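Inside the fold
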Amino acid sequence: MLVLGIESSCDDTSAAVLDNGSSVLSNVISDQNTTHSKYGGVVPELAGRCHIESIHHVINSAINQSKIGLKQIDLIAVTVGPGLVSSLLVGLNTAKALAYALQKPLIGVNHLEGHLLAIFLEETVEFPYIALTVSGGHTDLYRVEGFGEYKVLGRTRDDAAGESFDKVAKMLKLGYPGGPLIEEKARLGNALAHRFPRAYLEKGSLDFSFSGLKTSVRNIISKRETGEIPILSDSDISAGFQRAVIDVLTDKVFLACDKEKVNRIVVTGGVAANSALRKRIATEANSHGLKSFFPKPEFCTDNAAMIACAGYYKSLNKPLSLKDTINLDAKASLKL
C-alpha cells in the first residue's frame, strides 16, 4: 500500500510517501523558522499563510522523490488535530481536494498518534511500551498496548517542555526555535552553577509542570541584570535549565515503567531530538535492564512520514468511504 502523508499542524509543512507503513520513499519538510524567529515563537496567522504558500511544492517534491506517480497512491493520510486550526485546515483541505480528484480514500490522523508510532518507521517495537511524547505543544506519558490502543498516564498541567525551551531561549535572546539553541549553549555551561527547581507534583504523580521552572529562570536572569547574584553565563543557565527538564522527564518515565510493569520505552516528539535527553534515558534504561527506543531526529520533529505510518495502520481496521472524506474536519484540541 502506497500512502501519501500530509502534516501541517503547526509551523512545519510536510509531505511523505510510505510503502506498507514503514518503508519511507520520501519525507519532505519545509519549516517556517525564518518567518517566526523575529517573534520568538509561532504566530498562528503567519503559519497558516506559509502553509498555503508551500504545501503544493512540498507535496510535488515528495511525489517526485518517491519516484512514483500521484495516481499510484492508494491512501492519503492527513493530520486533523490537535494543532493550530488555521494550519490544520490548509493540509486537510488540500488532502480533501486530492482525494476527491484522484478518487482515493482519505483518513484523518491524530498528530499525537503519529508521534507514538514514529518508531515503526525504523524498527518494530513489541507491545506494550511506555511512550514519552515531548514537544513544543505536548508533554505526555502513554501506555501503548497496540495500534490504536493508548492509555494516558500523565501529561503537563501547564507548559510543555518544548514550549519552555522556546521561552527560555527567548528570555536569553538566543533565537528561535529554542530547543537546539539551548542544547548548544548547555554543552558549554556548568549545570551545577545554579540548581533550578524540579516540579514532581504529588507523590507518585505522572503529570508534569514546567511553568515554575520557567519562572525561576526569568527571576535568575532579572537578578543577574541587577547584580543581586554572582554572574551566571547564558551557557550555565541553559545547562541548569536543561538538566532540570531532563531530570523530571527521566524520573517520570521510569516511574511509569515501574507502575505499569513495562520494560520498553519509546521517546518521541521534537524534544526527543535532544542528545542529552536521549543519552540520559538510554543510559538509565540500560542500568535498569530496560529497552529504550528513539526515532531518528528527522522523525522526532513534526513530519508527514509518521502521519502516513499512523494512517496506514489505522486504515487496516477502518473501512473508508467518500462520505468519511467529505465529513473530515480539523479539531484544534483533538484528544487521542
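Scroll up to find the structure this text is about.
Definitions and cut-offs
- Residues numbered from 1 in each chain as written.
- Predicted model: local features only at pLDDT ≥ 70, side-chain atom pairs only at ≥ 80, totals over all residues.
- Heavy atoms only, no water.
- Core = buried A, V, L, I, M, F, W, Y, C linked by side-chain atoms within 4.5 Å.
- Buried < 20%, exposed > 50% of the residue type's maximum accessible area, 1.4 Å probe, protein only.
- Helix = DSSP H or I, 4+ residues; strand = E, 2+ residues; numbered from the N terminus.
- Contact = heavy atoms within 4.5 Å.
- Pairing = 2+ DSSP bridges.
- Axes fitted to C-alpha atoms, helices over the stretch in contact; angles between N-to-C directions.
- Parallel < 35°, antiparallel > 145°, perpendicular 65-115°, else oblique.
- Left-handed = near helix turned anticlockwise from the far one by under 90°.
- Nonpolar A, V, L, I, M, F, W, Y, C, P; charged D, E, K, R; others polar.

By size, the foremost hydrophobic cluster in this structure holds 44 residues, and its most contacted members are Leu 132, Leu 141 and Val 267. The element that contributes the greatest number of residues to this core is helix 8 (residues 234-260), accounting for eleven residues. In this structure Val 267 touches Leu 132, Val 134, Ala 272, Leu 277, Ile 281, Phe 293, Phe 294 and Pro 295, once residues within four positions along its chain are discounted.

As a further point, take the sheet that holds strand 1 (residues 2-7). Reading across from one edge, 3-2-1-4-5 is the order of the five strands in this open sheet, with mixed pairing throughout. A single partner strand is all that each edge strand has here, and the edge strands are strand 3 (23-31) and strand 5 (106-110). Ignoring strand direction, the axes of neighbouring strands in this sheet form an average angle of 20°. As judged from the six bridges shared by strand 1 and strand 2 (residues 12-19), these two strands associate in the antiparallel manner. Paired with Val 3 across the bridge in strand 2 is Leu 18. Those strands touched by helix 2 (residues 44-66) are strand 1, strand 2 and strand 3, and its axis lies near 25° from that of strand 2.

All right, on to the pairing of strand 2 then. The buried fraction of strand 2 amounts to seven of the eight residues, a majority that puts the element mostly inside the structure. Joining the antiparallel neighbours strand 1 and strand 2 is a turn of four residues. Two strands pair when backbone bridges link them, and strand 2 and strand 3 are joined in this way by eight bridges, in the antiparallel orientation. Its bridge partner lying in strand 3, Ala 16 is registered against Asn 27. What sits between strand 2 and strand 3 in their antiparallel hairpin is a turn of three residues, with Asn 20 showing a positive phi close to 55°.

Our next topic: the packing of helix 6 (residues 178-186) against helix 8. Closest axis-to-axis distance for the helix 6/helix 8 pair is 7 Å, and the angle between their directions is 110°. Overall, the two elements helix 6 and helix 8 adopt an arrangement that is roughly perpendicular. Taken as a pair, helix 6 and helix 8 cross one another with a handedness that is left-handed. Mapping the contact onto sequence places Ile 182, Glu 183, Lys 185 and Ala 186 in helix 6 and Ser 235, Ser 238, Ala 239, Phe 241 and Gln 242 in helix 8. Its residues assigned to classes, the contact of helix 6 with helix 8 shows four nonpolar, three polar and two charged.

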